[in-house]
Structure formats: structure tokens, C-alpha cells
Amino acid sequence: MSEAAAQQSGTRRETAAPLLEVKNIEVVYSEVILVLRGLSLMVPKGEIVALLGANGAGKSTTLKAISGLLKTEEGEVTRGDILFGGERLNGIDPDRIVRRGIFQVMEGRRIIADMTCLENLRLGAFTRSDNEVRRDIDMVYGYFPRLRERTGLAGYLSGGEQQMLAIGRALMARPKLILMDEPSMGLSPLLVKEVFGIIRQLNRDLGITILLVEQNARMALSVASYGYVMEQGKVVLDGTAAALAENEDVKEFYLGGHGAERKSFRNLKSYKRRKRWL
Ligand SMILES: Nc1ncnc2c1ncn2[C@@H]1O[C@H](COP(=O)(O)OP(=O)(O)O)[C@@H](O)[C@H]1O
Ligand SMILES: [Mg+2]
């Protein structure tokens, strides 16, 4: 099938080589709390894939399962496989996963507040022993010029600047895959646009593959090639970004709604889900 035909029908191109494959994983916290219940997804090399879903669906848990950071929260992958470039990642320590080329930009921009921008960026390069770190810092400043001017502590940066620094720090590890957790959270619409513009650029210029978790489905689908919608620890819907953006359920649940509309959408949602997705 041609790419255009695949886009239209909402199916996926068969030619894209998978960089990341998550196969039917189950995740349990503290040995008893089952959060992911057979989640599967695939991220082809060089693409941006969106992972959408309401609060509590298990999006962050999915990213932490991939990056190995679950371990730091007493979480464990108890079933299924996570494959990166065909090699199994299950149970590997987070720092070794970074060395393999995966970097997670955590929700809430976890930069180190009492270090400077430059120190935060150097920290991102902790796995590297080459002598091009300085050059990459300049490359990051190229994407985020305003960070160069901020010489004080990172804790004093604005929300948008902290998000930029968090992304810049990820770049310093020279990752093949960036896992981004809600980069739009807490940012003004203008900054959201700017940050998403940069996400698109990083993908195009540097060829970095991105798994993008978002509640802002409209923005996420505008940069992604493919998307998954999850609810209660599972994927309930997937398709090309174009097909998802046109999907009636997605429109209604994730692309519509401010305020009052959102309130009523809860009831509607479970009803519709039963009807269409189960
Ligand atoms: N460390 C943890 N221990 C126990 N339960 C957790 C932990 N982290 C998340 N959860 C639970 O897992 C579910 C999914 O959370 P999360 O992955 O953060 O969802 P999302 O990112 O989609 O909002 C929620 O019910 C949340 O309460
Ligand atoms: Mg989350």
C-alpha cells in the first residue's frame, strides 16, 4: 500500500522498520497494583508517534516501563516484552537504557533547580566520554537561544524555559529515541506552539524518533505520523494521525471540549466506549 493510501485508510505502512516494540506488557506497582493490562505499541524508526489518553490511563507508566525508571517507583513489568532495535529491554537499569539510546523527558520538567542551565545540560551527557559535548551544548543553544542568556539557576527559569532545558538535556545524550511526557503541560498556547515546532524540527533535522505522550491531542496529532489512544492500561484505538484526527470518538473526547463540555463527556465516554471499542 502506498503511504498516501495508508494515510487515508488509517492503516500503517508496512515498510517502516520498528525501532521500539512494546508487546503485550503488564505493569504492577508495589507487587499488587496492576496498571498496564496487556499494552502493545510500535514506534518506527524516524517517526513521531503519539500516545494519547485521559489522566490516569497509564501513559507515564508506559514511558517509565520503556526507560526503566519504573524501578525507582517500585514498579515492575510482569509480563510481555519491550524490544529496542530488536533487543529486549525488560529489567535493564535506567542508565544502561540511556546508553542504548533512549532518553525520557519526564512529566513536569524535572530539571535540577539549583544548578545552572549549562550544568543541567552537561548532566545530560553523563553517559558520554567523547569530546564533542561542548559542540552539542552549542547545538542545543541553537535550538533554544534564550537558554544561552540564562546564566542563573535553572529553578528561576520560566515554565517554558524549563521545558526547553529538559528537552535540551535529553539531546545531550544523543538519543535515538526520546520519550516525551506531556511537554505542553502548564505552558501558554504560544509556548506550546513553539515547543511543538521544536519537537518537529528535532525529528526532521536530527532524525530522532519520538514517542510523545500528550493530553493535548490536537497538538500531538499535528506533529505525529501515528497515534495510540489508551484507557485503563490498554490501547483502545490506534491509527494514522490523520485518521485519528478525523475519528468521531477522538474528536468528541480529546479534540473538543472546554469546561462544561468536558464535564458531560465522562458519562458519554464510557457509554460510547462500550458501544464502539469493546
Ligand atoms: N508509583 C505508583 N504506585 C502506585 N500506583 C501508581 C504509581 N504511579 C502511577 N500509579 C497509578 O497508575 C495509574 C496510571 O498512572 P499514570 O501512568 O501516571 O497515568 P497517566 O500518565 O496516563 O496520567 C494511576 O491510577 C496511578 O494512580
Ligand atoms: Mg502522566
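Note that the structure is a prediction, hence the values are computed from the model and not measured.

Topic: the sheet that holds strand E5 (residues 87-88)
Next up, step 1: The strand order across the open sheet formed by four strands is E2-E1-E4-E5, and the pairing between neighbours is antiparallel. Either end of the sheet is taken by a strand with one partner, and the two such strands are strand E2 (33-44) and E5.
Next up, step 2: By the bridge criterion, two bridges tie strand E4 (residues 75-84) to E5 in an arrangement that is antiparallel. When the sheet's bridge partners are listed, Phe84 is paired in E5 with Glu87.

Comments concerning the site of ligand 1
Next up, step 1: Residues in close proximity to ligand 1 total 14 residues, the closest being Tyr29, Lys59, Ser60, Thr61 and Glu73.
Next up, step 2: Mapped onto the shell around ligand 1, the elements with two or more residues apiece are E2 and helix H2 (59-67).
Next up, step 3: A per-class count over the shell around ligand 1 returns four nonpolar, eight polar and two charged.

A few points about the confidence of the model for the chain
Next up, step 1: Scored by pLDDT, the chain has a mean of 87; 86% of the residues are at 70 or more.
Next up, step 2: When the criterion is pLDDT under 50, residues 257-268 qualifies, and its contacts beyond four places in sequence or with other chains add up to four contacts.
Next up, step 3: Note on residues 270-278: pLDDT is under 50 here. Beyond four places in sequence and across chains, it has seven contacts.

Observations regarding the pairing of E4
Next up, step 1: Here strand E1 (residues 18-29) runs beside E4; their pairing, made up of eight bridges, is antiparallel. If you follow Glu21 over to E4, its bridge partner there is Leu83.
Next up, step 2: Counting the residues in the hairpin turn of E4 and E5 gives two residues, including Gly85, whose phi is positive at 55 degrees.

Conventions and cut-offs
- Residues numbered from 1 in each chain as written.
- Chains lettered and ligands numbered in written order.
- Predicted model: local features only at pLDDT ≥ 70, side-chain atom pairs only at ≥ 80, totals over all residues.
- Pairing = 2+ DSSP bridges.
- Helix = DSSP H or I, 4+ residues; strand = E, 2+ residues; numbered from the N terminus.
- Near = placed C-beta within 6 Å.
- Nonpolar A, V, L, I, M, F, W, Y, C, P; charged D, E, K, R; others polar.
- pLDDT = per-residue confidence, 0-100.
- Contact = placed C-beta atoms within 7 Å.

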